[in-house]
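Residue-level listing of the chains:
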Amino acid sequence: MHFEMYRQDMHSHLLPGLDDGAKTLEDSLSLIRQLRALGYTKLITTPHIMSGIHNNDAGTILPALDNLRKAVEAAGIDVELDAAAEYLMDDYFESLLEGREPLLTINGQYVLVEFSFVAMPMNYRTIFFNLKMAGYEPILAHPERYMYLHGDLDFYRELQEAGVHLQLNILSLYGYYGSRVQKMALQLLEAGLVEFTGTDLHHQRHMNVLAGKPLDASLRAKLAGGFIKNELL
Ligand SMILES: [Fe+2]
């Protein structure tokens, strides 16, 4: 068991056929079984909502959650399964906020969002502000993966001061996304800016890394350093 201190995962793509994650129900069950074997007992899975690419909403996500829960139970896997979403901060997301559409949340308050990997949303300040005004707590997914923000720790300090929680991908610490991302992940962790960790699990290649060699002890100690809030979920 590698992540005995993190039994709750709050970022993954386990609902079959909804996005670029698990493709079939068998994929989903296999990944969930392996996560359980690593020690996870609660999985809040977060399908992409990306207008024009992954057109999800409560109407696609909640029935898929229901089906997967039944399958997990029938397979005898003892894990708590929930779902929210990973919203790309695009025009569509803004329109949801403006229309006061209820968003899919983690624990009723947190909304997981991501930036484009190409460029930061110009009006991110306004969007985060509007999210907070609507009563949500924004969590920014994998801050270490936005190359255009590398080296800009102050940007993330300001975000956190504005009430945006930061979620690190565990795979980044393994170097899965390359050494630059790994370095940024370490900087964020060492600066005490990371509040949540996630697997961001999509497929078996990710699983093989997570289930492989454990992270070294100094990293595990940093993850246990008191800033990480997964256990509150
Ligand atoms: Fe993700």
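You'll find the structure just up there.
Enquirer: For this particular structure, what's the right way to read the overall build of the protein?
Expert: The helix and strand inventory of the protein stands at 9 helices and 9 strands. Expected size for 233 residues packed as a compact globule is a radius of gyration near 17 Å; at 17 Å, the protein falls within 12% of this value. Counting only C-alpha atoms and orienting by the principal axes, one finds that the protein spans roughly 45 × 45 × 30 Å. Out of the 233 residues in the protein, the part that is buried amounts to 52%. Excluding contacts between residues fewer than 6 apart, the proportion of contacts in the protein whose partners are at least 24 apart in sequence is 79%. For the protein, the accessible surface area stands at approximately 10,400 Å², while carbon and sulfur atoms represent 51% of it. In the protein, 19 positive and 30 negative side-chain charges are present, and the distance between their average locations comes to 6 Å.

Enquirer: Quick question: what am I supposed to make of helix α2 (residues 58-74) here?
Expert: Residue pairs spaced three or four apart in an α-helix point in one direction, given the helix's 3.6 residues per turn. Here α2 is 17 residues long and its end C-alpha atoms lie 24 Å apart, about the 24 Å a rise of 1.5 Å per residue gives. Buried residues along α2 sit against α1 (25-38), β3 (48-49) and β4 (80-83). For α2, the N-terminal cap is Asp 57; the gap from its side-chain oxygen to the backbone nitrogen of Gly 59 is 2.8 Å. Just past α2, the residue Gly 76 takes up positive phi, approximately 75°.

Enquirer: Is there a simple way to explain the nonpolar core in this structure?
Expert: One broad trend across soluble globular proteins is that nonpolar side chains are buried collectively. Formed by 66 residues in total, the largest nonpolar core has its most connected members in Tyr 87, Phe 93 and Tyr 156. Take this core: its biggest share by element is 6 residues, from α2. Excluding anything up to four places from it in sequence, Tyr 87 contacts Ile 49, Phe 93, Leu 96, Leu 103, Leu 104, Val 111, Leu 112, Val 113 and Glu 114. Counting residues in each nonpolar core, the second largest holds 10 residues, with Ile 44, Ile 106, Tyr 110 and Leu 112 among its members.

Enquirer: Please clarify how helix α3 (residues 91-98) should be interpreted in this entry.
Expert: Of all the positions in α3, only Phe 93, Glu 94, Leu 96 and Leu 97 are classed as buried. Down the axis, α3 shows its buried residues gathered within 155° of arc, on one side only. The exposed residues of α3 that point more than 90 degrees off its buried face are Asp 91 and Glu 98. For α3, the elements touching its buried residues are β5 (86-88), β6 (110-114) and α4 (124-133). Downstream of α3 by a residue or two, Arg 100 has a phi angle that is positive, lying close to 55°.

Enquirer: In this structure, what is going on with the sheet that holds strand β7 (residues 137-141)? I would like to understand it.
Expert: Two pairing modes exist for strands in a sheet, parallel and antiparallel, and in both the strands are linked by backbone hydrogen bonds. Spatially, the 6 strands line up as an open sheet ordered β3-β5-β6-β7-β8-β9, and their pairing is parallel. Each end of this open sheet is capped by a strand with a single partner; those strands are β3 and β9 (196-198). Of the strands in this sheet, β3, β5 and β6 are in contact with α3, which crosses β5 at around 110°. Lying over the sheet, α4 contacts β6 and β7, oriented at roughly 140° with respect to β7.

Enquirer: What exactly am I supposed to notice about the coordination of the iron ion here?
Expert: Ideal geometry at a metal centre: 109.5 degrees between donors when four sit tetrahedrally, and 90 or 180 degrees when six sit octahedrally. The iron ion binds to the protein through His 11 (NE2), His 13 (NE2), Glu 86 (OE) and Asp 200 (OD), with metal-donor distances spanning 2.0 to 2.3 Å. Each of the 4 donor atoms around the iron ion contributes to a set of angles spanning 82 to 170°, which defines the coordination as irregular. All donors of the iron ion belong to a single chain; written as a sequence motif, their spacing is H-x1-H-x72-E-x113-D. Remark: Glu 86 occurs in strand β5 and His 13 occurs in the loop between β1 (8-9) and α1; sequence separation between them is 73 residues.

Reading the values: the criteria
Residues numbered from 1 in each chain as written. Predicted model: local features only at pLDDT ≥ 70, side-chain atom pairs only at ≥ 80, totals over all residues. Heavy atoms only, no water. Helix = DSSP H or I, 4+ residues; strand = E, 2+ residues; numbered from the N terminus. Rg over C-alpha atoms; globule rule 2.2 N^0.38 Å. Buried < 20%, exposed > 50% of the residue type's maximum accessible area, 1.4 Å probe, protein only. Contact = heavy atoms within 4.5 Å. Areas by Shrake-Rupley, 256 points an atom, 1.4 Å probe, with all protein chains shown as cover. Lys, Arg positive; Asp, Glu negative; His and termini not counted. Charge placed at Lys NZ, Arg CZ, Asp CG, Glu CD. Expected span 1.5 Å × (residues − 1). Polar contact = N/O pair within 3.5 Å; in protein donor to acceptor, adjacent residues only side chain to side chain. Core = buried A, V, L, I, M, F, W, Y, C linked by side-chain atoms within 4.5 Å. Arc of directions from axis to C-beta. Pairing = 2+ DSSP bridges. Axes fitted to C-alpha atoms, helices over the stretch in contact; angles between N-to-C directions. Donors = N, O, S within 2.8 Å, 3.2 Å for Na, K, Ca; no water. Tetrahedral: all angles 85-135°; square planar, octahedral: opposite > 155°, others 65-115°.

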